[in-house]
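So the chains spell out like this:
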Amino acid sequence: MTTSIQEIDDKYVVTLAGEMDTAAANEAEEVLKQLYQNEGKEVVFECENLEYIASSGLRILINILKSTMSKGNRVVLRNVNDDIKNVFKLTGFLNIFEFE
């Protein structure tokens, strides 16, 4: 799993690629920790190459969503494949996140 963050046009663009199983989610959280303190920037998760997400990965995304929205900003998941979107649907998170 690879995780990267870029600041583009006053947004954080986070690229997630590979399988975010429990071990990978722990590593990804280290990279994504800075987003918990997001001060005023939209967060866009680019998920085109994300193949799998475990509940621990969903927890990270929920925590970032809560932190970002509490400051009046958006979190967007972009290019999510049908399998990943189905995980969001089954967990009840489909209506919580914004998808593009």
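So, here's what we can say about the structure. Sequence order as written defines residue numbering, which begins from 1 separately in each chain. Given that this is a predicted model, residues contribute local features only at a pLDDT of at least 70 and side-chain atom pairs are listed and counted only at 80 or more, while totals for whole chains, interfaces and linings are drawn from all residues. Side-chain measures were taken over the full set of non-hydrogen atoms in the model, leaving aside hydrogen atoms and water.

Below, the discussion takes up the environment of arginine 78. Helix and strand definitions here come from DSSP, where helices need a minimum of 4 consecutive H or I residues and strands a minimum of 2 consecutive E residues; each element is numbered from the N-terminal end. Among the structural elements, arginine 78 can be located in strand β4 (residues 75-78). Sequence-wise, arginine 78 and cysteine 47 are 31 residues apart; in three dimensions their C-alpha atoms are separated by 5.8 Å. The contact definition used throughout considers only heavy atoms, calling two residues in contact when any of these lie within 4.5 Å. Once you skip the residues sitting within four places of it in the chain, arginine 78 turns out to touch Val44, Phe45, Glu46, Cys47, Glu48 and Glu100. Within 3.5 Å is the distance limit for a polar contact, defined as a pair of N or O atoms, with the added protein rule that one can donate a hydrogen and the other accept it, and that residues adjacent in sequence qualify only through two side-chain atoms. Within the structure, arginine 78 has its side chain in polar contact with the side chain of glutamate 100 (distance 3.3 Å).

Turning next to the sheet that holds strand β3 (residues 42-53). Hydrogen bonds along the backbone pair up the strands of a sheet, which may run parallel or antiparallel. A pair of strands is considered paired only if DSSP assigns at least 2 bridges between the two. Taking strand neighbours across the sheet as the criterion, the five strands line up as β1-β2-β3-β4-β5 in an open arrangement whose pairing is mixed. Strands at the two margins of the open sheet, each flanked by one partner only, are β1 (2-8) and β5 (98-99). Here β1 runs beside strand β2 (residues 11-20); their pairing, made up of seven bridges, is antiparallel. Looking across to β2, one finds that isoleucine 8 is bridged to lysine 11. Of the strands in this sheet, β1, β2 and β3 touch helix α1 (residues 22-32), which is tilted by about 165° from β2. The axes are straight lines fitted to the C-alpha atoms, using for helices just the contacting stretch, and the angles between their N-to-C directions are given from 0 to 180°. Most of the contacts of helix α2 (residues 55-69) go to β3, to which it runs at about 170°, and overall it touches β2, β3 and β4.

So, about the environment of threonine 2. Take threonine 2: it is sitting in strand β1. Considering only alpha carbons, one finds threonine 2 and threonine 15, 13 residues apart in sequence, at a separation of 7.8 Å. Aside from chain neighbours lying at most four places away, what touches threonine 2 is Thr15, Leu16 and Ala17.

For patch detection, residues must exceed 30% relative accessible area and be free of salt bridges, and they are connected within 9 Å for like charges or within 5 Å for nonpolar side chains (Val, Leu, Ile, Met, Phe, Trp, Tyr). Values of accessible area rely on a 1.4 Å probe in the Shrake-Rupley scheme; residue burial ignores everything except the protein chains shown. Put simply, a salt bridge is a Lys or Arg side-chain nitrogen that is within 4 Å of an Asp or Glu carboxyl oxygen. Counted as positive: Lys and Arg. Counted as negative: Asp and Glu, with His and the chain ends omitted from the count. Charge coordinates come from a single atom per side chain, which is NZ of Lys, CZ of Arg, CG of Asp or CD of Glu. Residues Glu19, Asp21, Glu27 and Glu51 make up a contiguous surface patch of negative charge. Tracing the backbone shows glutamate 51 in strand β3.

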